[in-house]
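# Observations on the model geometry
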Amino acid sequence: MDKHFIFLFAIRNMTFRKLRAALTIIGMLIGISTIVFLVSFAFGLEKLVKNEISNGNAMQLIDVGTGNSQIVKLNGDAVARIKELSDVKAIESISNVAAMEKTVNKDKPLDLSFFVVSKGYLGLSGYSLKYGSDQSLQKGDGPFPVLINEGLLDELKIEGGQAAIGKRIYLDLIVPKQITGSEPVSLPDLEFEVVGIVDGNSASGVFMHKEFVADIPINNFSKLKVSTISVSNIEAVQKQIEGLGFKTEYVGETVKQVEQVFNLFKIILAGFGTIALVVAGLGMLNTLTISLLERTKEVALLKIIGVKSKDIRHIFLAEAITMGIFGGIIGVAFGYFLSRVTNKVIDAIAVNSGGDPATLFIFPFWFVALVLIFAITTGLLTGFYPAIRASKINPLDVIRYE
Amino acid sequence: MEDKETRKQIELDHVVKVFKSGNTTVRALGGINLKIDQGEFLVLYGPSGCGKSTLLNTLIGIEKPTRGEVWINGTNLYTLKEDDRSEYRASKFGVVYQSQNWIKSLNSKENVALPLVARGVKFREAVDKAEKFMEELKISELLRQTPTQLSGGQQQKLGIARALISNPKIIFADEPTGNLDSKSSNIVIDFLMKINRDMKRTIILITHNPEYWDIGHRKIEMEDGKVIKDVKKNG
Ligand SMILES: Nc1ncnc2c1ncn2[C@@H]1O[C@H](COP(=O)(O)OP(=O)(O)OP(=O)(O)O)[C@@H](O)[C@H]1O
Ligand SMILES: [Mg+2]
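Everything quoted here is computed from the prediction, not taken from an experiment.

### Looking at the overall build of chain B
For chain B, the helix and strand inventory stands at six helices and 10 strands. In summary, chain B has a C-alpha radius of gyration of 18 Å against a globular reference of 18 Å for 235 residues, a match within 12%. Across the 235 residues of chain B, 53% fall into the buried class. Surface accessibility of chain B: about 10900 Å² in total, with carbon and sulfur atoms responsible for 45%. Of the side-chain charges in chain B, 37 are positive and 31 negative, and the distance between the mean point of each set is 1 Å.

### Examining the overall build of chain A
A tally of regular secondary structure across chain A gives 12 helices and 10 strands. For a compact globule of 402 residues, the expected C-alpha radius of gyration is about 21 Å, and chain A comes in at 33 Å, more than 25% above that figure. Judged by the C-alpha coordinates and their principal axes, chain A covers about 110 × 50 × 30 Å. Within chain A, buried positions represent 44% of all 402 residues. Expressed as a percentage of contacts within chain A between residues at least 6 apart in sequence, the contacts between residues at least 24 apart total 81%.

### Examining the pattern of salt bridges
Residues and elements named next belong to chain A. Following the criterion strictly, the structure yields 26 salt bridges over all chains and no others. In this structure, Lys 130 engages Glu 150 in a salt bridge whose closest nitrogen and oxygen atoms are separated by 3.0 Å. Pair noted here: Lys 130 is in strand β4 (residues 129-132) and Glu 150 is in helix α5 (residues 150-155), with a separation of 20 residues, a long-range link. Between Glu 191 and Arg 168 there is a salt bridge, with the nearest N and O atoms lying 3.3 Å from each other. Of this pair, Glu 191 sits in strand β7 (residues 185-198) while Arg 168 sits in strand β6 (residues 168-175), placing them 23 residues apart in sequence. Under the relative-accessibility criterion, Glu 191 is labelled partly exposed at 30%.

### As for the UniProt feature "transmembrane region" (unreviewed entry) in chain A
Residue and element names in this part refer to chain A. Look at the UniProt record and you will see "transmembrane region" (unreviewed entry) annotated at residues 21-45, 267-293, 314-338 and 358-385. End C-alpha to end C-alpha, residues 314-338 measures 35 Å, and it is 100% helix and 0% strand. When the span residues 358-385 is considered, its composition is 75% helix and 0% strand, and the gap between its end C-alpha atoms is 46 Å.

### Digging into the sheet that holds strand β4 (residues 67-72) of chain B
All names here are of chain B. Read across the open sheet, the four strands follow the order β2-β1-β4-β5; overall the sheet is antiparallel. Looking at which strands have only one partner, the edges of the open sheet turn out to be β2 (24-36) and β5 (75-76). Looking at chain direction, β4 and β5 are connected through two bridges and run antiparallel. Within β5, the position partnered with Ile 72 by the bridge is Thr 75. Along the sheet face, helix α1 (residues 52-59) touches β1 (10-21), β2 and β4 and points at about 120° away from the line of β1.

### Points about the side chain of Thr 382 of chain A
Residue and element names in this part refer to chain A. Along the chain, Thr 382 falls in helix α11 (residues 365-391). Looking at Thr 382, its side chain comes within polar contact range of the main-chain oxygen of Thr 378, at 2.8 Å. For Thr 382, the residues in contact, after removing those within four places along its chain, are Gly 281, Met 284, Leu 285 and Leu 288.

### Quick look at the domain arrangement of chain A
If you check the domain split of chain A, you get domain 1 (3-54 + 256-401) and domain 2 (73-244). On a C-alpha basis, the centroid separation for the pair domain 1 of chain A and domain 2 of chain A is 55 Å.

### Focus: the interface of chain A and chain B
Taken together, the contact between chain A and chain B spans 26 residues of the former and 30 residues of the latter. Both faces considered, chain A and chain B share a buried interface measuring about 2600 Å² in area, 61% of it formed by carbon and sulfur atoms. Joining chain A to chain B, the criterion identifies three salt bridges. The partner of Lys 308 of chain A in a salt bridge is Glu 87 of chain B, and the shortest N-O contact between them spans 2.8 Å. Applying the counting criterion to the chain A and chain B interface returns nine residue pairs in polar contact (both at pLDDT 80 or more). Looking at the side of chain A that touches chain B residue by residue, the class counts come to 13 nonpolar, four polar and nine charged.

### Points about empty space enclosed by the protein
Residues and elements named next belong to chain A. The tally for this structure, following the rule as stated, stands at two cavities of 30 Å³ or more. Forming the walls of the second largest cavity are Asn 13, Met 14, Arg 17, Arg 20, Ala 21, Thr 287, Ser 291, Arg 295, Glu 319 and Met 323. Counting residues per element, the ones that place at least two in the lining of the second largest cavity are α1 (3-16), α2 (18-53), α8 (251-294) and α10 (309-352). Here the residues of the lining of the second largest cavity are counted per class, giving three nonpolar, three polar and four charged.

### Section: the packing of helix α9 (residues 296-305) of chain A against α10 of chain A
Residue and element names in this part refer to chain A. Where α9 contacts α10, the two axes come as close as 10 Å, and the packing angle between them is 145°. In this structure, α9 crosses over α10, and the sense of that crossing is right-handed. Contacts between α9 and α10 involve Val 299, Leu 302 and Lys 303 on the former and, on the latter, Ser 309, Ile 312, Ile 315 and Phe 316. The residue inventory of the contact of α9 with α10, partitioned by class, reads five nonpolar, one polar and one charged.

### Some thoughts on the pairing of β6 of chain A
All names here are of chain A. Strand direction decides the pairing type here: strand β2 (residues 88-101) and β6, joined by three bridges, are antiparallel. The partner of Ala 99 across the bridge, within β6, is Leu 173. Bridging between β6 and β7 involves seven bridges; their strand directions are antiparallel. Looking across to β7, one finds that Ile 169 is bridged to Phe 192.

### Some thoughts on helix α2 (residues 82-92) of chain B
Among the residues of α2 of chain B, those classed as buried are Arg 85, Ser 86, Tyr 88, Arg 89 and Ala 90 of chain B. The elements touched by buried residues of α2 of chain B are α9 of chain A together with β4, β5, β6 (93-96) and α3 (108-118) of chain B.

### Concerning the sheet that holds strand β3 (residues 41-45) of chain B
Residue and element names in this part refer to chain B. Taking strand neighbours across the sheet as the criterion, the six strands line up as β6-β7-β8-β3-β9-β10 in an open arrangement whose pairing is mixed. Edge positions in the sheet fall to β6 and β10 (226-232), since each of these pairs with one other strand and no more. Averaged over all neighbouring strand pairs, the angle between strand axes comes to 15°, with direction disregarded. As paired strands, β3 and strand β9 (residues 218-223) are joined by four bridges and run parallel to one another. Note that in β9 the partner of Val 43 across the bridge is Lys 219. Relative to the sheet, helix α5 (residues 152-164) contacts β6 and β7 (170-174), its axis offset from that of β6 by approximately 165°.

### Considering unusual backbone geometry
Residue Asn 167 of chain B is not a glycine yet carries a positive backbone phi of 55°. At Asp 224 of chain B, a residue that is not glycine, the phi angle is positive and equals roughly 50°.

### With respect to the packing of aromatic side chains
Each aromatic ring pair is described using two quantities: the centre-to-centre distance and the angle formed by the ring planes. All names here are of chain A. Under the definition given, this model contains 17 aromatic pairs over all chains. Each ring, one from Phe 5 and one from Phe 9, has its centre 5.3 Å from the other, and the planes form 10°; the classification is stacked. Here Phe 9 and Phe 5 lie together in helix α1, a separation of four residues that amounts to about one turn. For the pair Phe 5 and Phe 9, one class covers both residues: buried. Centroid distance Phe 144 to Phe 192: 5.6 Å. Interplanar angle 35°. Geometry classified as tilted. Placement of the pair is Phe 144 in strand β5 (residues 144-149) and Phe 192 in strand β7, with a sequence separation of 48 residues.

The rules behind the values
Residues numbered from 1 in each chain as written. Chains lettered and ligands numbered in written order. Predicted model: local features only at pLDDT ≥ 70, side-chain atom pairs only at ≥ 80, totals over all residues. Heavy atoms only, no water. Helix = DSSP H or I, 4+ residues; strand = E, 2+ residues; numbered from the N terminus. Rg over C-alpha atoms; globule rule 2.2 N^0.38 Å. Buried < 20%, exposed > 50% of the residue type's maximum accessible area, 1.4 Å probe, protein only. Areas by Shrake-Rupley, 256 points an atom, 1.4 Å probe, with all protein chains shown as cover. Lys, Arg positive; Asp, Glu negative; His and termini not counted. Charge placed at Lys NZ, Arg CZ, Asp CG, Glu CD. Contact = heavy atoms within 4.5 Å. Salt bridge = Lys/Arg side-chain N within 4 Å of Asp/Glu carboxyl O. UniProt positions renumbered as here; feature names shortened; annotations may be inferred. Pairing = 2+ DSSP bridges. Axes fitted to C-alpha atoms, helices over the stretch in contact; angles between N-to-C directions. Polar contact = N/O pair within 3.5 Å; in protein donor to acceptor, adjacent residues only side chain to side chain. Domains from an automatic or database assignment. Buried area = accessible area lost by both parts, 1.4 Å probe. Nonpolar A, V, L, I, M, F, W, Y, C, P; charged D, E, K, R; others polar. 1 Å grid on protein atoms, 1.4 Å probe; cavity = no way out; pocket = protein on both sides within 12 Å on 5 of 7 lines; lining within 4 Å. Points joined across faces, edges and corners; volume = space filled by probe spheres on them. Left-handed = near helix turned anticlockwise from the far one by under 90°. Phe/Tyr/Trp six-rings, centres within 6.5 Å; stacked < 30°, edge-to-face > 60°.

What follows is the structure, given as structure tokens:
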């Protein structure tokens, strides 16, 4: 039988009983749009959280530390040994030094973090330079050039933006014994020049390049960031580094855990939507069954005319699938619309209260495709029973009881 | 199996149909033997409940006889699978009942086109054909309304058009005038006679109306599931 006819017939029957078809499709729409809305929200949140954890190219990096060990040391020697491992591409280091600012507020000195970093460290960690230049990080005769974190500007009462470049700051440094390798060293009243401003979302601080530390006794690092030649062997490298006695952390692991949590979250949310969809499916089953009862005579007629049972099944299935397709497409569209509106409203509230707008809903293509397939499958499944019943109608029963 | 060539268009061999419902059994057909020629106009009559409709339903392949065989054009009808019988019906038979059933979501010409669609013709093509066919039958005026808006007589005509569209060799009509006044009845009967005359279709007409018993080439009277009179007109 002409497939075109089967679908045209399905649509005719739906438009012939508009209200009923509309109500059925609205049922589907509610189920589908609930799934789309909730799960795309989970996708959005997951992305936000993942971004928060793994900014920059963190997915290719292993963080190396000493843990609580007093014996292993992260020093030049350690760097050399790690560098020898196969697949290691680069190693960047950071050493935490305590600093105190006393000039801004004489009564209440300001504690801040001072980091001595290797050249590529900031880049690897996902910091980016907002003003000033890395290139000007060259030690002249004057003060030490440093980069400072945006968050610190306020506390140091320095005007933000380009105006901050070239400002001088005065700090007392206390280099702890973990970094000096022997006794803590205190270096009062050093002069620094701000040559750049970095953004970045972790703790505010001052960054200075390792090359300039000749005057400061930095012998150990607080942390190393090791990048590998490819992401695929990152876990092997991680094991080897641990074999050397160091503690390692790999964001990928955290990200995996986050993904697991969110996958569960998504399943639960999809579960809610599925319940709605099942209810919609029952509504559709009801519609199709009623419509079958009303059309028993029509089915008998089709049979007497010579339409095969298979085609009669197809006619009813087509109707169910068409409702599934309509419900699916309209449901996805409505879910999308709803989430856009919600996102806009939340953004407006966030901006009003000084926050940033964010993408809270994400619609991966495969997810949308899956939802549509799901909707059509629901249609198909609910269509089976009425379709089979229809194909079993005995035309004689209808003729006889006219 | 007998040779195809020697068989008539329709042959019934000792066809028996027994209905059982609970304790009661009804012998609706009590061993019918019948041969019908191609192009014949056969009128079937008899008291209510004598088995006319049962016979017709057996002939079109929707009522399997308890015993006996139904041969149509050399095919033993009930050796076919149900779907094959449907296909057979779609291509060889046109059926008209006392009142017409319509697909309410389809318009007149689409309804008339249905038997073609059942045979696998593309829907558009079938509808075009239906429109032309209704012009040929001079009933184009019926196109303007949906089938259920038509009068009883008009519906019967449209039903006959539907029965004829797929160019069937045999037309079965079970009291096609049962619901009509005499004027409309005459129009419908004339219509059937014209088709028999001009298109050489075999027609099997069941009717209670004695006025029509003699219009065909042959009349058969039934009683209690048996043929009690079988008269062929000469000429
Ligand atoms: N499905 C069935 N179950 C039981 N009995 C049946 C069934 N179909 C028909 N009968 C019986 O078979 C007999 C013949 O019925 P049939 O419908 O063939 O009569 P008919 O000659 O067409 O009558 P009418 O002129 O009233 O249409 C009747 O006694 C009827 O009650
Ligand atoms: Mg009858």
